[in-house]
Amino acid sequence: MTEKLSDEELAEMREKFEIVDLNSSGYINGCELGSLFREVGINMPGYEVRQIITSMDCDQNGKISFDEFIRLFQNLNDDKGAQVFKEALNKKEGIVAIAGTSESSSEGTQHSMSDQERIAFANYINTSLEKDPDCKHFLPINPDTGALFAAVGDGILLCKLINFSAPDTIDERTINKKKLGAFTIQENLNLALNSASAIGCHVVNIGAEDLKKGKPHLVLGLLWQIIRIGLFADIELSHNEALAALLEEGESLEDLMKLRPEELLLRWANFHLKKVGKSITNFSGDIKDSEVYYALLQQIAPDGSKEGVARVEISARGLGKKDLEQRAECMLVEADRLGCRQFVTPHDVATGNAKLNLAFVATLFNKHPALTKPEDQDWNLHSETREERTFRNWMNSLAVNPFVGHIYGDLQDALVILQLYELIKVPVDWDRVNIPPFKGGGHLKKIENCNYAVKLGKTKAGFSLVGIAGLDIYDGNQTLTLALIWQLMRRYTLNILENLGDGEVAGEDLIVTWVNKTLSDAGKSSTLKSFKDKGISTSMPVLDLIDAIQPESVDFELVKTGDLSDEDKLENAKYAISMARKIGAKIFALPEDVVEVNAKMVMTLFACLMGRGMKKA
């Protein structure tokens, strides 16, 4: 039936399909369909999700292909499951904001979700980057036109915004800023996309051409991911111990650490609202009348008790306005007095735009948390290690669902791990998997999932999981959980090389051999003995390999040589990692991994460069 669709119609159907196909596998599985239903508020038991998959699964392989998806939308029958699927996808499309992004649509009274996001993101970028001299050619961005989509086209804005949200991710020396042409713009966009991936953004379905053309839904989706990372950076207990004030009776600090930033923000708002007898359950319908915002602003406004910080009196006179947009405008005037008028317009508040109101509340928290660290807590917080952060960003870049915030808490039901198995081509029998919401005995269902995940690793993936049981994953055993995740990441990396080669089994010896041959063929003096080679700490083998893959790409005048201090080595490593991303390698290793010669992460670095080199060949 697909041949009856035009190219334009096929492209539209592909976009719909990719909204649900979170792991970009080319299929929609039960876990992804269940996630879609949960996100749009449809309470669908796991067995009903499986029934819907079965009803649409023509070849009976347990998942929905693109062709089967098209048949669903072309079939006008009254199948209840298909109708629920369509209803859920329509709701999700409203969240993703595909439609209504033309310049003309912003001129009328009808506001689309994407118009609202375009305005919010343009204003945020104008404020965040206004002092950056490299951004003068596109700032300020006119929020009322499509200027935002044109501004991302040379890659500079994206690189700068990534560094604003996650400082030091990109070495500024690697950004092409002058005399930009097609090739140097392509390099900037490579650098931006691969760096975004490294901080946990999902960019699998976004290419440099999409950004050059300023495709609205892709640009807005990427910008939101980058902005979100910056907004939520400090809404995490190990970064902000005052969040412990939000502990509820019977909870431990570990329980609080497992909450997502969105959940923490909701709890934070209710912590303050409780003082005036109010509460909310969401940042959409519950905030439309602005009443809780007025109350929240009054609670968090400086009271003059801090030295050097003047008292701010928040007026609630705007509550007398009957028109909700007029009332919201008065509220935002008060928010502006706290330096927090960001992300939302009065229309966004009055219509309950959940995404932008979440960003507004995050801004309120970041500037005026009004929390005091409890004195009676026994502090023994586990701060996220570099390895945990790298694994978490890698998983999130693959669009696993749910988004991984707390690596142990969010892997507790094994659903993310099972999605990773599919990505490394280990089949998962989703009929054996317990899908949330978990009702009575939920912990047992999660442990069953964890047992299945460990069994798959041992029997199907051939992993070394000696001494690891499902209960270890459920309990969040750090050492054993990371051992499993590392083997998943390692297999994912090596699979990329196998896909590019002639079927030869990719392994560490093969990578070392390829690296040395490539260096030798390019006349480089660097060599690689193993991934523990101390010479790696200088970054010279990495930089020489990059220059061998893409000649004259490395500016060796920027590279420190001779008797190097740790600081010199770190500068070289930052340059090397960014250069690797700039030439098109998706690198998750961190500069510190290179300086310390972390063999596991160094292996992934050279493997990704090998993948880039093999693509060129």
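The structure displayed is predicted, hence computed values, not measured ones. (Residues numbered from 1 in each chain as written. Predicted model: local features only at pLDDT ≥ 70, side-chain atom pairs only at ≥ 80, totals over all residues. Heavy atoms only, no water.)

J.: Tell me what's going on with the overall build of the chain, and back it up with residues and numbers.
T.: Along the chain, the regular secondary structure elements total 27 helices and 2 strands. Within the chain, the fraction of its 617 residues that count as buried is 54%. By sequence separation, contacts in the chain at least 24 residues apart represent 61% of the contacts at least 6 residues apart. Here the chain has roughly 27700 Å² of accessible surface; of this, 48% comes from carbon and sulfur atoms. (Helix = DSSP H or I, 4+ residues; strand = E, 2+ residues; numbered from the N terminus. Buried < 20%, exposed > 50% of the residue type's maximum accessible area, 1.4 Å probe, protein only. Contact = heavy atoms within 4.5 Å. Areas by Shrake-Rupley, 256 points an atom, 1.4 Å probe, with all protein chains shown as cover.)

J.: An account of empty space enclosed by the protein is requested, with residue identities and associated values reported.
T.: In total, this model carries 3 cavities of 30 Å³ or more according to the counting rule given. Of the pockets and cavities examined, the largest cavity occupies roughly 40 Å³. Ser-197, Val-204, Trp-394, Ser-397, Leu-398, Tyr-492, Lys-586 and Phe-588 are the residues that line the largest cavity. Split by residue class, the lining of the largest cavity holds 5 nonpolar, 2 polar and 1 charged. Taken as a whole, the second largest cavity encloses approximately 40 Å³ of empty space. Every residue lining the second largest cavity is listed: Ala-198, Arg-386, Arg-389, Thr-390, Asn-393, Phe-588 and Leu-590. Per-class residue counts for the lining of the second largest cavity are 3 nonpolar, 2 polar and 2 charged. (1 Å grid on protein atoms, 1.4 Å probe; cavity = no way out; pocket = protein on both sides within 12 Å on 5 of 7 lines; lining within 4 Å. Points joined across faces, edges and corners; volume = space filled by probe spheres on them. Nonpolar A, V, L, I, M, F, W, Y, C, P; charged D, E, K, R; others polar.)

J.: Which residues make up the confidence of the model for the chain, and what are the values?
T.: With 87% of its residues at a pLDDT of 70 or more, the chain shows a mean pLDDT of 87. The low-confidence segment residues 95-111 (pLDDT under 50) makes 38 contacts with residues lying over four places distant or belonging to another chain. (pLDDT = per-residue confidence, 0-100.)

J.: Can you explain the packing of helix H24 (residues 540-549) against helix H25 (residues 566-582)? Please cite residues and give values.
T.: The geometry of H24 relative to H25 is characterised by a closest axis approach of 9 Å and an angle of 30 degrees between their N-to-C directions. In terms of axis orientation, H24 runs roughly parallel to H25. In the crossing of H24 with H25, the sense of the turn from one axis to the other is left-handed. Where H24 abuts H25, its residues Val-542, Leu-543 and Ile-546 lie against Asn-572, Tyr-575, Ala-576, Met-579 and Ala-580. Of the residues that constitute the contact of H24 with H25, the class distribution is 7 nonpolar, 1 polar and no charged. (Axes fitted to C-alpha atoms, helices over the stretch in contact; angles between N-to-C directions. Parallel < 35°, antiparallel > 145°, perpendicular 65-115°, else oblique. Left-handed = near helix turned anticlockwise from the far one by under 90°.)

J.: Residues and numbers for unusual backbone geometry, please.
T.: A cis amide bond links Leu-139 with the next residue in sequence, Pro-140, at an omega value of -5 degrees. Note that Pro-140 resides in the loop between helix H6 (113-128) and helix H7 (147-151). Looking along the chain, the bond that leaves Asn-401 and enters Pro-402 is cis, with omega of 10 degrees. Structurally, Pro-402 is set in the loop between helix H18 (386-397) and helix H19 (415-423). One non-glycine residue, Val-597, lies in positive phi territory at about 50 degrees. Position of Val-597 relative to the elements: it lies in the loop between helix H26 (591-595) and helix H27 (599-616). You can call Val-597 buried: its relative accessible area is 12%.

J.: Can you break down the packing of aromatic side chains residue by residue, with the values?
T.: All told, the structure shown has 8 aromatic pairs when counted by the stated rule. With centroids separated by 6.3 Å and ring planes inclined at 80 degrees, the aromatic side chains of Tyr-124 and Phe-164 adopt a geometry described as edge-to-face. Remark: Phe-164 occurs in helix H8 (residues 156-165) and Tyr-124 occurs in helix H6; sequence separation between them is 40 residues. Take Tyr-124: its relative accessible area is 6%, and that puts it in the buried class. Ring centres of Tyr-293 and Phe-360 lie 5.1 Å apart, and the angle between their planes is 85 degrees; this geometry places the pair in the edge-to-face category. Of this pair, Tyr-293 sits in helix H14 (residues 291-300) while Phe-360 sits in helix H17 (residues 354-367); the two residues are 67 residues apart in sequence, bridging distant segments of the chain. Across the ring face of Phe-403, the terminal group of Arg-228 is positioned such that the distance to the ring centre comes to 4.6 Å. (Phe/Tyr/Trp six-rings, centres within 6.5 Å; stacked < 30°, edge-to-face > 60°. Lys NZ or Arg CZ within 6 Å of the ring centre and 35° of its normal.)

J.: Quick one: what's the story with helix H9 (residues 182-198), residue by residue and with numbers?
T.: An α-helical turn contains 3.6 residues, so a residue and the one three or four places further along point in the same direction. With 17 residues, H9 should reach 24 Å at 1.5 Å per residue; the first-to-last C-alpha distance of 24 Å fits that figure. Taken across its 17 residues, H9 has 13 buried, putting it largely inside the fold. Positive backbone phi, approximately 105 degrees, marks Gly-200, located one or two places after H9. (Expected span 1.5 Å × (residues − 1).)

J.: Now, about the side chain of Ser-315: what can you tell me, with residues and values included?
T.: Topologically, Ser-315 is positioned in the loop between H14 and helix H15 (324-337). There is a polar contact of 3.2 Å between the side chain of Ser-315 and the backbone nitrogen of Arg-317. What Ser-315 contacts, discounting residues up to four positions off in sequence, is Tyr-294, Glu-334 and Arg-337. (Polar contact = N/O pair within 3.5 Å; in protein donor to acceptor, adjacent residues only side chain to side chain.)

J.: Which residues make up the nonpolar core, and what values go with them?
T.: Among the nonpolar cores identified, the biggest contains 93 residues, and Leu-158, Leu-222 and Trp-268 are the most heavily contacted of them. The dominant element in this core, judged by the number of residues it contributes, is helix H11 (residues 216-231), at 10 residues. Dropping the residues within four chain positions of it, Trp-268 is found in contact with Leu-246, Leu-296, Ile-300, Val-361, Leu-364, Phe-365, His-368, Pro-369 and Leu-371. Counting 82 residues, the second largest nonpolar core, distinct from the first, contains Ile-407, Leu-423, Ile-485 and Ala-607. (Core = buried A, V, L, I, M, F, W, Y, C linked by side-chain atoms within 4.5 Å.)

J.: Talk me through the pattern of salt bridges; I want residue IDs and the actual numbers.
T.: Using the criterion set out here, one finds 32 salt bridges in the structure. Measuring nitrogen to oxygen at the nearest pair gives 3.9 Å for the salt bridge that ties Glu-187 to Lys-582. Of this pair, Glu-187 sits in helix H9 while Lys-582 is found in helix H25, placing the two residues 395 residues apart along the sequence. Each member of the pair, Glu-187 together with Lys-582, is buried. One salt bridge connects Lys-212 with Glu-209, and the closest N-O pair in it is separated by 3.2 Å. (Salt bridge = Lys/Arg side-chain N within 4 Å of Asp/Glu carboxyl O.)

J.: Now, about the environment of Asp-67: what can you tell me, with residues and values included?
T.: Within the secondary structure, Asp-67 sits in helix H4 (residues 66-74). When its relative accessible area of 38% is taken as the criterion, Asp-67 is described as partly exposed.

J.: I'd like to hear about H25, residue by residue, with values.
T.: Relative to the 24 Å expected for 17 residues at 1.5 Å per residue, H25 spans 24 Å between its end C-alpha atoms, a close match to the ideal helical length. Burial of H25 is extensive: 12 of the 17 residues sit out of reach of the surface. When we look at burial in H25, the residues that qualify are Asp-568, Lys-569, Asn-572, Ala-573, Tyr-575, Ala-576, Ile-577, Ser-578, Met-579, Ala-580, Arg-581 and Lys-582. Taken from the residues just after H25, Gly-584 is the one with a positive phi, measuring 110 degrees.

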